Amino acid sequence: MGYDAAVSPPQPEAIVARLPELVNADAGLVRRGQGLTTTFLLAVGDTEYLVHVAGGRLAPVERGPFLLRSWTFAVRAPGDAWARFWTPLPEPGYHDLFAMKKLGVARVEGDLWPLMAHLRYLKDVLAAPRRAPASG
Amino acid sequence: MGRYLHLPLGGRPHRVYFEEAGQGPPLVCLHTAGADGRQFRHLMTDEAITRHWRVLAFDMPRHGKSLPPAGWQDEEYRLTTAAYVELILAFSDALGLDRPVALGCSIGGKIVLELALRAPQRFRALIGLEAAAYQTPWYDDTSWLHRHDVHGGELCSALMSGLIAPQAPEETRWETLWMYAQGGPGVFRGDLHFYRVEGDLRDRVDRIDTARCPLYLLTGEYDFSCTPDDTRATAARIPGARLTIMQGLGHFPMSEHPERFRTYLLPVLEEIRATASP
């Protein structure tokens, strides 16, 4: 049931660029995140992105490399792991951020308070591409 | 039907809420940490089950409709193995249940292993869902679950969401999470004391004698808290333990996806009816 690289492999970097569009179009998700304004770092393999959250809405994602930029927390995983995570029916171990952490493929760093205080929202932001029609 | 029992537990009076449905040998259902007996509501409305079984589910003290004992405000709640076993046996005694089947999930599955060790003669059969003698922790700081600057219910609910399989229907997925969001302050964390600190049974799980009481272990493939491998390792050490890995299910099979779960549970209940000594 897992991601099959031979069939329309998802493109993690294109997916990240679409995050604001996907999140901002989901009124329920924006409402759940209305108490959160922060910037977090999302790493897809060696490529880093800054995701800016303002009252539950996302500003355009910035792509690194970055030299002197601040973020509160970072979520890092290899591109292959994110591709598995973003498939509509992910396999066990790739279906949740903490599952990927336990599997040893994802890392979370920095100030965890914004993540833990808004975990429902942020998990749904990260998983938004899973619910979206394929693109890119 | 729901009502209350007055039980002395740990030498203190408690008022414990439970619900029941059906007729037949008793089937006592034990909910997960930080949740309550509503997790079993679909079993109680399943005629294939209630026509053969008297299904009972209590809310542990501090969970659901069971209030904490007087004086709770000055205590840090920590569930212990001894208190949990006492609760199950006291509940069974108070209702005069004759050798019930105990079916427990997560901490309820873990305590089923303790019951198999401590009181197998008291049970017709034991069913552990998402149960293992030991599971590797997936978070190392449970203080997140109870602090002033994070909503405990929202966090517990969000953490648990990952343990639900992606195949779960939206309605029952979010219903499962609602129960977590309703947990009292520090209750989930207190339950995990039993699960994480006292719940390592690796030094004694091989003493379970399934000839005295049949043991069934069922674990969902998407459960990364108690993984299929954790349960496999436990089953491998208990001769006669019956192992099932449930496809498309996670850590809350009975509430996250009742329709799928019953396809796994019904054959187990049928087997118990056919083979367990009356």
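Computed from a prediction, not measured in an experiment: that's the story for all the values here. (Residues numbered from 1 in each chain as written. Chains lettered and ligands numbered in written order. Predicted model: local features only at pLDDT ≥ 70, side-chain atom pairs only at ≥ 80, totals over all residues.)

## So, the overall build of chain B
For step 1, the next point in the chain: When its secondary structure is counted, chain B shows 10 helices and eight strands.
For step 2, the next point in the chain: In terms of C-alpha radius of gyration, chain B reaches 17 Å, essentially the compact-globule figure of 19 Å for 278 residues.
For step 3, the next point in the chain: The principal-axis extents of the C-alpha atoms in chain B amount to approximately 50 × 40 × 40 Å.
For step 4, the next point in the chain: Counted over contacts in chain B with a minimum sequence separation of 6, partners at least 24 positions apart contribute 75%. (Helix = DSSP H or I, 4+ residues; strand = E, 2+ residues; numbered from the N terminus. Rg over C-alpha atoms; globule rule 2.2 N^0.38 Å. Contact = placed C-beta atoms within 7 Å.)

## Describing the interface of chain B and chain A
For step 1, the next point in the chain: Listed as interface residues are 15 residues of chain B and, on the opposing side, 15 residues of chain A.
For step 2, the next point in the chain: Grouping the amino acids of the side of chain B that touches chain A by side-chain chemistry returns nine nonpolar, three polar and three charged. (Nonpolar A, V, L, I, M, F, W, Y, C, P; charged D, E, K, R; others polar.)

## Examining the pairing of strand 8 (residues 242-246) of chain B
For step 1, the next point in the chain: As judged from the five bridges shared by strand 7 (residues 215-220) of chain B and strand 8 of chain B, these two strands associate in the parallel manner. Each bridged residue has a counterpart across the sheet, and for B:L217 the counterpart in strand 8 of chain B is B:L243. (Pairing = 2+ DSSP bridges.)

## Side note on the packing of helix 3 (residues 81-94) of chain B against helix 4 (residues 107-118) of chain B
All names here are of chain B.
For step 1, the next point in the chain: Two elements in contact, helix 3 and helix 4, have axes separated by 11 Å at closest approach and are oriented at 75°. What the angle tells us is that helix 3 and helix 4 run roughly perpendicular. Between helix 3 and helix 4, the contacting residues are T81, Y84, V85 and I88 on the first element and I111, E114, L115 and R118 on the second.
For step 2, the next point in the chain: Residues that form the contact of helix 3 with helix 4 fall into these classes: five nonpolar, one polar and two charged. (Axes fitted to C-alpha atoms, helices over the stretch in contact; angles between N-to-C directions. Parallel < 35°, antiparallel > 145°, perpendicular 65-115°, else oblique.)

## A word on helix 6 (residues 170-181) of chain B
Residues and elements named next belong to chain B.
For step 1, the next point in the chain: The end-to-end C-alpha distance of helix 6, which contains 12 residues, comes to 16 Å, matching closely the 16 Å that a straight helix rising 1.5 Å per residue would cover.
For step 2, the next point in the chain: For helix 6, every residue scored as buried is listed here: T172, R173, T176, L177, M179 and Y180. Along the long axis of helix 6, the arc covered by the buried residues comes to 150°, so they all point the same way. Facing away from the buried side of helix 6 by over 90 degrees, the exposed positions are E170 and E171.
For step 3, the next point in the chain: Summarising the contacts, the buried residues of helix 6 are in contact with helix 5 (152-161), helix 9 (253-256) and helix 10 (258-275). (Expected span 1.5 Å × (residues − 1). Buried ≥ 20, exposed ≤ 12 C-beta atoms within 10 Å, placed from the backbone. Arc of directions from axis to C-beta.)

## A look at helix 8 (residues 228-236) of chain B
All names here are of chain B.
For step 1, the next point in the chain: If you check which residues of helix 8 are buried, you get P228, D230, T231, T234 and A235. Within helix 8, the buried residues cover an arc of 160° as seen down the axis, which keeps them to one side.
For step 2, the next point in the chain: Elements in contact with the buried residues of helix 8: strand 7 and strand 8.

## Focus: unusual backbone geometry
It is generally the case that most residues other than glycine have a negative phi and that most peptide bonds are trans.
For step 1, the next point in the chain: The omega angle of the peptide bond from A:G64 to A:P65 is 10°, so this bond is cis rather than trans.
For step 2, the next point in the chain: As for its placement among the helices and strands, A:P65 is situated in the loop between strand 4 (62-63) and strand 5 (73-77).
For step 3, the next point in the chain: Positive phi is not limited to glycine here, since B:R99 has a value of about 40°.
For step 4, the next point in the chain: Tracing the backbone shows B:R99 in the loop between helix 3 and strand 5 (101-105).
For step 5, the next point in the chain: Here the phi dihedral of B:S106 falls at roughly 65°; this positive angle occurs in a residue that is not glycine.
For step 6, the next point in the chain: Examined against the element boundaries, B:S106 turns out to sit in the loop between strand 5 and helix 4.

## Remarks on the sheet that holds strand 7 of chain B
Residues and elements named next belong to chain B.
For step 1, the next point in the chain: Taken in spatial order, the eight strands of this open sheet run 1-2-4-3-5-6-7-8, and their pairing is mixed. With partners counted over all chains shown, the strands left at the sheet margins are strand 1 (2-9) and strand 8, one partner each. Direction aside, the axes of adjacent strands within the sheet are offset by 20° on average.
For step 2, the next point in the chain: Packing against the sheet, helix 8 makes contact with strand 7 and strand 8, and its axis sits at approximately 165° to strand 7.

## As for the environment of B:L89
Residues and elements named next belong to chain B.
For step 1, the next point in the chain: Structurally, L89 is set in helix 3.
For step 2, the next point in the chain: C-beta crowding within 10 Å serves as the criterion here: with 15 such atoms nearby, L89 is assigned to the partly exposed category.
For step 3, the next point in the chain: Taking the C-alpha atoms as reference, L89 lies 9.2 Å from A119; in sequence the two are 30 residues apart.
For step 4, the next point in the chain: The contacts of L89, once residues within four sequence positions are left out, are A119 and R122.

## Here's the deal with the packing of helix 7 (residues 119-131) of chain A against helix 5 of chain B
For step 1, the next point in the chain: The N-to-C vectors of helix 7 of chain A and helix 5 of chain B enclose an angle of 30°; their axes lie 8 Å apart at closest approach. Compared by their axis directions, helix 7 of chain A and helix 5 of chain B come out roughly parallel. Touching A:L119, A:R120 and A:K123 of helix 7 of chain A are B:E154, B:L155, B:S157, B:A158, B:L159 and B:S161, all from helix 5 of chain B.
For step 2, the next point in the chain: Along the lines of polarity and charge, the residues of the contact of helix 7 of chain A with helix 5 of chain B split into four nonpolar, two polar and three charged.

## A closer look at the confidence of the model for chain B
For step 1, the next point in the chain: Confidence in the prediction for chain B averages 96 pLDDT; 99% of positions are at 70 or higher.
For step 2, the next point in the chain: Our summary of model confidence lists the complex with pTM equal to 0.95 and ipTM equal to 0.93. (pLDDT = per-residue confidence, 0-100.)

## Concerning the environment of A:L97
For step 1, the next point in the chain: Within the fold, A:L97 resides in helix 5 (residues 97-103).
For step 2, the next point in the chain: Residues A:L97 and A:R31, spaced 66 residues apart in sequence, show a C-alpha to C-alpha distance of 21 Å.
For step 3, the next point in the chain: Not counting the four nearest positions on each side in its chain, A:L97 is found in contact with A:V75, A:A106, A:K123, A:L126 and B:G162.

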